[in-house]
Amino acid sequence: MPRSVSGVEMRKRQAAHIEAPPQAPGQPRPNTCCLCWCGCCKCLWNDDRMERSERQTCTKMDSIEAVEEQNPSLDEVLSWSRSFEMMLRSLEGREVFREFLRSEYSEDNLLFWLACEELKKETNPSVVDEKARIIYEDYVSILSPKEVSLDSRVREGINQSLAEPSNLMYEEAQLQIYTLMHRDSFPRFLNSTVYRDLLANRRRTCLDT
């Protein structure tokens, strides 16, 4: 489904923080499968991969949301304003931040970061290979609607790593997106109604008790 005009404009403002030169002439198209590496959209393996990707993304996010919901304390909500890292390490913090990013059409940045975190935990070579390629197709390929903003140097490094995927192959790209969220999205999040309403609600709860 095509992005709305506001989503496109928001994506352009975020992309302005990172220079990304156009793809070099003659460079192979990255949206490829492991069998043909041609980018053919009719490849049956590619169709299966897309279905697995959707299932795994849902399973991963469902597993996060399946954890027993707990209302964050006032101290925890206040701690998020002091530490972006602390907010990301909090289940409730990630969910609130994700809600805000969704309103800015940049939720894919957080999903990419989470996918990289999951990949780092994998040790099985076959699982690493599959997850690494799914992440590439979902968030790195220039043909993906969920493509994140990466500079050409980092993107080229990823392209080279695809020959022998590892659980750390996206480490530099993950840091780049982390920095983008930290410097660009996080300050706006702290000033958003999403965060301020939650903070006000926690304060009322403390007064009531």
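Asks: Could you give me a rundown of the overall build of the chain, with the residues and numbers involved?
Replies: Counting its secondary structure elements, the chain contains 10 helices and zero strands. Ordered by position in the sequence, the α and β elements of the chain form the string α-α-α-α-α-α-α-α-α-α. Within the chain, contacts between residues separated by at least 24 positions form 67% of all contacts whose residues are at least 6 apart in sequence. Summed over its atoms, the accessible surface of the chain is roughly 12,100 Å², and 54% of this surface lies on carbon and sulfur atoms.

Asks: How would you sum up the packing of helix α8 (residues 152-161) against helix α9 (residues 171-190)? Please name residues and give values.
Replies: Viewed as axis vectors pointing N to C, α8 and α9 meet at an angle of 150 degrees, and their least axial separation amounts to 9 Å. When the interaxial angle is binned, α8 and α9 end up roughly antiparallel. Handedness of the α8/α9 crossing: left-handed. Where α8 approaches α9, its residues Arg-153, Val-154 and Ile-158 are matched on the opposing element by Glu-172, Ala-173 and Gln-176.

Asks: Quick one: what's the story with the environment of Ala-132, residue by residue and with numbers?
Replies: Structurally, the position occupied by Ala-132 is in helix α7 (residues 125-140). In contact with Ala-132, not counting residues within four places along its chain, are Leu-119, Pro-165, Met-169 and Tyr-170.

Asks: Provide a residue-level description of the nonpolar core, including the pertinent values.
Replies: If you look at the biggest cluster of nonpolar residues, it comprises 42 residues, and the most contacted ones within it are Phe-97, Phe-112, Ile-158, Tyr-170 and Phe-189. Elements with a minimum of two residues in this core: α3 (74-82), α4 (84-88), α5 (91-103), α6 (107-121), α7, α8, α9 and α10 (193-208). In this structure Phe-112 touches Ile-135, Tyr-139, Val-140, Val-148, Tyr-170, Ala-173, Gln-174 and Ile-177, once residues within four positions along its chain are discounted.

Asks: Which residues make up unusual backbone geometry, and what values go with them?
Replies: Despite not being glycine, Tyr-105 has its phi angle at roughly 60 degrees, a positive value. Here Tyr-105 shows up in the loop between α5 and α6.

Thresholds applied
Residues numbered from 1 in each chain as written. Predicted model: local features only at pLDDT ≥ 70, side-chain atom pairs only at ≥ 80, totals over all residues. Heavy atoms only, no water. Helix = DSSP H or I, 4+ residues; strand = E, 2+ residues; numbered from the N terminus. Contact = heavy atoms within 4.5 Å. Areas by Shrake-Rupley, 256 points an atom, 1.4 Å probe, with all protein chains shown as cover. Axes fitted to C-alpha atoms, helices over the stretch in contact; angles between N-to-C directions. Parallel < 35°, antiparallel > 145°, perpendicular 65-115°, else oblique. Left-handed = near helix turned anticlockwise from the far one by under 90°. Core = buried A, V, L, I, M, F, W, Y, C linked by side-chain atoms within 4.5 Å. Buried < 20%, exposed > 50% of the residue type's maximum accessible area, 1.4 Å probe, protein only.

The quantities given are spatial measurements derived from coordinates; they are silent on function.
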